[in-house]
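Spelled out, the chains give:
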Amino acid sequence: MVLGKRWKDVAETVIIGGGCVGVSLAYHLAKAGQKDVVLLEKSELTAGSTWHAAGLTTYYHPGINLKKVHYHSIKLYESLEAETGQAVGFHQPGSIRIASTPVRVDELKYQMARTHWHPTPQWLITPEKIKELFPLLNMDKVLAGLYNPGDGHIDPYSLTMALAAGARMYGAQIYNPALVSGLTPTSDGKWDVQTPHGTIRANRIVNATGFWAREVGQQIGFDHPTIPVHHQYVVTATVPEVKALKAELPVIRDLEGSYYLRQERDGLLFGPYEKEEKMVLQDSWVRDGVPPGFGKELFESDLDRIMHHVEMAMEMVPVLKNADIINIVSGPITYTPDLLPMVGPHQGARNYWTAIGFGYGVIHAGGIGKFLSDWIVTGEPPYDLIECDPNRYGKWTTVPYLCAKARESYGFNNVVGYPKEERFAGRPTNRTSGVYELLKGKASMGFHAGWEQPHWFYKPGDNAGYKPSFRRTNWFGPVGRECKLVMEKVGVVDLTPFGKFMVKGKDSHKLLDRLFANTMPKVGLTNISHMLTPTGRVYAEVTITQLTPGEFLLITGSGSELHDLRWMEKEVAEGAYDVDISNVTEEIGVLGVAGPKARDVLQKLTQEDMSDASFKFLHCKPIQLGGINLRAIRISYTGELGWELYIPHKDMAAVYQAIMAAGEDEGIDNFGTYAMSSLRLEKGFRGWGAEHADFIGKAALQEIKAKGLKRKLSYITMETDDVDPEGNETIWLNGKVSCVCVCVYIVFLPYQDHSVLTSHQNVLTR
């Protein structure tokens, strides 16, 4: 006996960390029926960030997928007390996001267009309704509000204890204090988890250790990009005007003031997010580790640092001016570079999962616990949450980058959330293509998995620079010009950020037959194939080329590089395939050359016959171009004649310059990814090959086909003026939600004046 209970030396899942996220996962796994769930907490439950959190809960999230996480959290918290018998202190007075500028009103309208196909309640309300719900507001600047009934706040300590009671009720073991002192992988993919009380052999481990995540990851060779941030909130004494109210005030979020404010008993609680130049990082913990014994301590408060926000709050809620401050809480919360958590299995270590980097752990805890539990139990994620995939980061995510982005992200908490948003701190990373230096002064660059990639190009007279808007902005005309270039002449696009893998070995063909729902291409041929989950859903789309017998080049999207590599490595390990998979993403540059005159330009630079008869669509050949050896694949995502050139990184600039020089007479020019996306949608290219192997998901796919499809991907065309759909908008029919727009690109139709836009949308009808 130890810790007052019997020590388990084997476990199905060991969760490291006893904050609300880790305990939620233990609860969900045990409730789902998994036996031998163990949670290890180094000191006491809620130590770290959970215990001092402000406890805000909201259905709202600007992203479409995390809305589901928030929804599941709130629905769980509503029923948890009845299920476990533990009070959770859940208040649901609703919340209002306040718009006090015309741009903020546009932002709220943009979010409303994307919400009604979700079950989350959300409404755009007038100043009169806002005043009715929150009578203590100064309405001078209020233009509109985004109202979420059911939002509110919960006591983080009580929530965690209720989840722990539920976890124990369903059979999970929670040990504390139980410091994890070592993590050792075994040859069969399991883990030996060392503690002062003994070692547990676990089928999988989950790092849910909050601001200790980096230290735990370092035990197995990972430097997780997480960093503690100082966050302060202020609690007042009783405010007579608040005490006199008959109903609890809704939570407000003053977007321009960059703070939240809620009722706390008969007083008020408000917390600001300072600008990046004023906020404080605890970067010493990244360098030196968290001080031993730190757990339920706080930082020294600094009211001066947040006085600008305090003054704005007093202007918006005048009763604050006479309120006495009784407490200023300043504690660590964990940030990642993009403010989103890192959730799921981690590439590079079998059966190592993360649930870390939560800047908003309380509202994420319930939904993430369910999401991860479903994934662990069924073998696949219940829905797409790739924006939180831990494998979106790589070795390019350095400490200076982490610090710069965390500062930026904290300061960006309440900035306007524009479509096609770019954030520039920490850029560029060490991931720049061979043509970056040639193009950086000519283009508006986008950020893709650490890479800089041109979105669109400037010309003399253009309104250059990054100028986001909810309406048509400065890139609209230039992107139309680039579309016309590719449709009528020839253009060059930098596609280097593609993820690239070489797969070879005795079992390479066998492995890929298992992974992909398609026949593998013959030597010198290319196809587009899909990795499916066991239930027949698409996990990834990959372009596959067989270069030589048994040697395959795989190309995936930039954001899917390590996400897809992890899936493949998992199958290799579990199936004991004799193959070698090499990630060559940073070794190979890619240029796309597309347009009706593409062949004419390339033919000037090579002895290879580029004619239709000799170089057919979806064929690949090694060629010399301008004296440089490379591989060319005839493929085009633009709908026009085109090739992708796979070039050694060191030779990329020379090849680019040779192509541009050779194409002068043909009117060659650059184009970016905005134009490519528009042109690609016009092509509507989706290819599925004959299926012969017993690939993952085949049986499920056959069952889906036999039962008939419930949803269909269709195109619709909309005439618009200066507000264009961005994707994920709700489509209404006869006053009811009919379908969701899943993909939108601006399409400049060749038979129209290029100043006229028609928006084409992929929609899922149901």
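The name an unreviewed UniProt entry assigns to the protein chain is Dimethylglycine dehydrogenase, from the organism Oncorhynchus mykiss.

A tally of regular secondary structure across the protein chain gives 19 helices and 35 strands. The C-alpha atoms of the protein chain give 27 Å as radius of gyration, which agrees with the globular expectation for 766 residues (27 Å, within 12%). In terms of overall dimensions, the protein chain has a C-alpha envelope of 85 × 65 × 55 Å along the principal axes. With 766 residues in all, the protein chain has 58% of them scored as buried. Partitioning the intrachain contacts of the protein chain with sequence separation of at least 6 by distance along the chain shows that 71% fall at a separation of at least 24. Summed over all atoms, the accessible surface of the protein chain reaches about 30,300 Å², with 51% contributed by carbon and sulfur. With 79 positive and 87 negative side-chain charges, the protein chain shows a separation of 4 Å between the mean positions of the two kinds.

Here five strands make up an open sheet; going across it, the order is S23-S24-S25-S22-S26 and the pairing antiparallel. Here the strands that pair on one side only, and so sit at the sheet edges, are strand S23 (526-532) and strand S26 (580-583). With direction set aside, neighbouring strand axes in the sheet form an average angle of 30°. Bridge count for strand S22 (residues 499-504) against S26 is four bridges, and the pairing is antiparallel. Counted as the bridge partner of Lys 504 is Asp 580 from S26.

Attention shifts here to the sheet that holds strand S27 (residues 588-594). Taken in spatial order, the six strands line up as S28-S29-S30-S27-S21-S31 in an open sheet, and their pairing is mixed. The sheet terminates laterally at strand S28 (620-625) and strand S31 (669-670), the two strands that pair on one side only. Relative to strand S30 (residues 642-648), S27 runs antiparallel, the two being bridged by seven bridges. Bridge assignment links Gly 592 to a residue of S30, and that residue is Glu 644. Sitting on the sheet, helix H17 (residues 652-662) touches strand S21 (491-494), S27, S28, strand S29 (628-634), S30 and S31, and the angle it makes with S27 is about 15°.

Let us look at the UniProt feature "domain: FAD dependent oxidoreductase" (unreviewed entry) in the protein chain. If you check UniProt for "domain: FAD dependent oxidoreductase" (unreviewed entry), the listed places come out as residues 13-375 in our numbering. Note that residues 13-375 is 29% helix and 26% strand, and that its end C-alpha atoms are spaced 13 Å apart.

Moving on: the nonpolar core. The biggest cluster of nonpolar side chains holds 47 residues, and the ones touching the most others in it are Ile 15, Leu 80, Ile 368, Leu 372 and Leu 385. Where this core is concerned, the elements lending two or more residues are helix H1 (20-31), strand S2 (37-40), helix H2 (66-84), helix H5 (156-169), strand S18 (352-356) and helix H10 (361-378). Once you skip the residues sitting within four places of it in the chain, Ile 368 turns out to touch Val 21, Val 69, Val 343, Phe 358 and Leu 385. Membership of the second largest hydrophobic core comes to 32 residues, among which are Leu 591, Phe 615, Leu 630 and Ile 647.

What follows concerns the packing of aromatic side chains. Under the criterion given, the structure shown has 29 aromatic pairs. The interplanar angle of 65° and the centroid separation of 6.1 Å between the aromatic rings of Tyr 27 and Tyr 170 together place this pair among those described as edge-to-face. A residue pair is termed long-range when its members are at least 10 positions apart, and Tyr 27 in helix H1 and Tyr 170 in the loop between H5 and strand S8 (173-175) qualify at 143 residues. By relative accessible area, Tyr 27 is classed as buried at 1%.

With that out of the way, let us pick up the pattern of salt bridges. Tallying each qualifying case throughout the model produces 40 salt bridges. Note that Asp 722 is salt-bridged to Arg 471, the shortest N-O span being 3.6 Å. With Asp 722 in the loop between strand S32 (712-719) and strand S33 (730-733) and Arg 471 in the loop between strand S20 (451-457) and helix H13 (476-488), the pair connects residues that are 251 residues apart, well separated along the chain. Classification of Arg 471 as partly exposed rests on a relative accessible area of 37%. Salt-bridge contacts for Arg 472 lead to Asp 724; the nearest nitrogen and oxygen are separated by 3.1 Å. Here Arg 472, found in the loop between S20 and H13, pairs with Asp 724, found in the loop between S32 and S33; they are 252 residues apart in sequence, far enough to count as distant. Residue Arg 472 is classed as partly exposed on the basis of its relative accessible area of 26%. Three or more residues are tied together by salt bridges with common partners; here these are Arg 104, Glu 107 and Glu 256.

Attention now moves to the environment of Gly 221. For Gly 221, the location among the structural elements is in the loop between helix H6 (213-218) and strand S12 (227-236). Classification of Gly 221 as exposed rests on a relative accessible area of 63%. The sequence separation of Gly 221 and Leu 641 amounts to 420 residues, and the corresponding C-alpha distance is 46 Å.

In this model H13 runs 19 Å from its N-terminal to its C-terminal C-alpha over 13 residues, within 8% of the 18 Å that 1.5 Å per residue would give. Of the positions making up H13, those classed as buried are Phe 476, Pro 478, Val 479, Gly 480, Glu 482, Cys 483, Leu 485, Val 486 and Met 487.

Per-residue confidence for the protein chain gives a mean pLDDT of 92, with 95% of residues at or over 70. Low pLDDT (under 50) marks residues 686-692, which in the prediction has 17 contacts with non-local residues, meaning those over four places away or in another chain. Taken as a whole, residues 744-766 scores under 50 in pLDDT and shows 99 contacts with residues more than four places along the chain or in a different chain.

Now for the packing of H13 against helix H18 (residues 673-683). Relative placement of two packed helices is described by the angle separating their axes and the distance separating the axes. Following both chains from N to C, one finds H13 and H18 inclined at 60°, their axes separated by 9 Å at the closest point. What the angle tells us is that H13 and H18 run oblique. The hand of the H13/H18 crossing is right-handed. Of the residues in H18, those touching H13 at Val 479, Glu 482, Cys 483, Val 486 and Met 487 are Tyr 674, Ala 675, Ser 678 and Leu 679. Of the residues in the contact of H13 with H18, the class split is seven nonpolar, one polar and one charged.

Where burial is concerned, most of strand S24 (residues 538-548) is hidden: eight out of the eleven residues are buried. Judged from the seven bridges that link them, S23 and S24 form a sheet pairing that is antiparallel. Its bridge partner being in S24, Leu 532 is matched across the sheet by Val 538. A loop of five residues connects S23 with S24, the two strands running antiparallel in sequence, and Gly 536 in this loop sits at a positive phi of about 85°. As paired strands, S24 and strand S25 (residues 551-556) are joined by five bridges and run antiparallel to one another. Residue pairing across strands places Thr 545 opposite Leu 553, the latter belonging to S25. Following S24, the chain reverses through two residues before pairing antiparallel with S25; Gly 550 in that reversal takes a positive phi of roughly 80°.

Attention now goes to unusual backbone geometry. Between Asn 176 and the following residue, Pro 177, the backbone shows a cis peptide bond with an omega angle of 0°. In this model, Arg 427 is joined to Pro 428 through a cis peptide bond whose omega is -5°. Relative to the assigned elements, Pro 428 resides in the loop between helix H11 (399-411) and helix H12 (436-439). With phi around 60°, Asp 36 is a residue other than glycine that occupies positive phi space.

This paragraph deals with the packing of H1 against H10. One way to put it is that H1 packs onto H10 with a least axis distance of 8 Å and a crossing angle of 40°. Judged on the interaxial angle alone, H10 and H1 are oblique. In this structure, the crossing between H1 and H10 has a hand that is right-handed. On the side of H1, the interface is formed by Cys 20, Val 21, Ser 24, Leu 25, His 28 and Leu 29, while H10 contributes Gly 361, Val 362, Ala 365, Gly 366, Ile 368, Gly 369, Lys 370, Leu 372, Ser 373, Ile 376 and Val 377. A per-class count over the contact of H1 with H10 returns ten nonpolar, six polar and one charged.

What counts, and where the lines are drawn
Residues numbered from 1 in each chain as written. Predicted model: local features only at pLDDT ≥ 70, side-chain atom pairs only at ≥ 80, totals over all residues. Heavy atoms only, no water. Helix = DSSP H or I, 4+ residues; strand = E, 2+ residues; numbered from the N terminus. Rg over C-alpha atoms; globule rule 2.2 N^0.38 Å. Buried < 20%, exposed > 50% of the residue type's maximum accessible area, 1.4 Å probe, protein only. Contact = heavy atoms within 4.5 Å. Areas by Shrake-Rupley, 256 points an atom, 1.4 Å probe, with all protein chains shown as cover. Lys, Arg positive; Asp, Glu negative; His and termini not counted. Charge placed at Lys NZ, Arg CZ, Asp CG, Glu CD. Pairing = 2+ DSSP bridges. Axes fitted to C-alpha atoms, helices over the stretch in contact; angles between N-to-C directions. UniProt positions renumbered as here; feature names shortened; annotations may be inferred. Core = buried A, V, L, I, M, F, W, Y, C linked by side-chain atoms within 4.5 Å. Phe/Tyr/Trp six-rings, centres within 6.5 Å; stacked < 30°, edge-to-face > 60°. Salt bridge = Lys/Arg side-chain N within 4 Å of Asp/Glu carboxyl O. Expected span 1.5 Å × (residues − 1). pLDDT = per-residue confidence, 0-100. Parallel < 35°, antiparallel > 145°, perpendicular 65-115°, else oblique. Left-handed = near helix turned anticlockwise from the far one by under 90°. Nonpolar A, V, L, I, M, F, W, Y, C, P; charged D, E, K, R; others polar.

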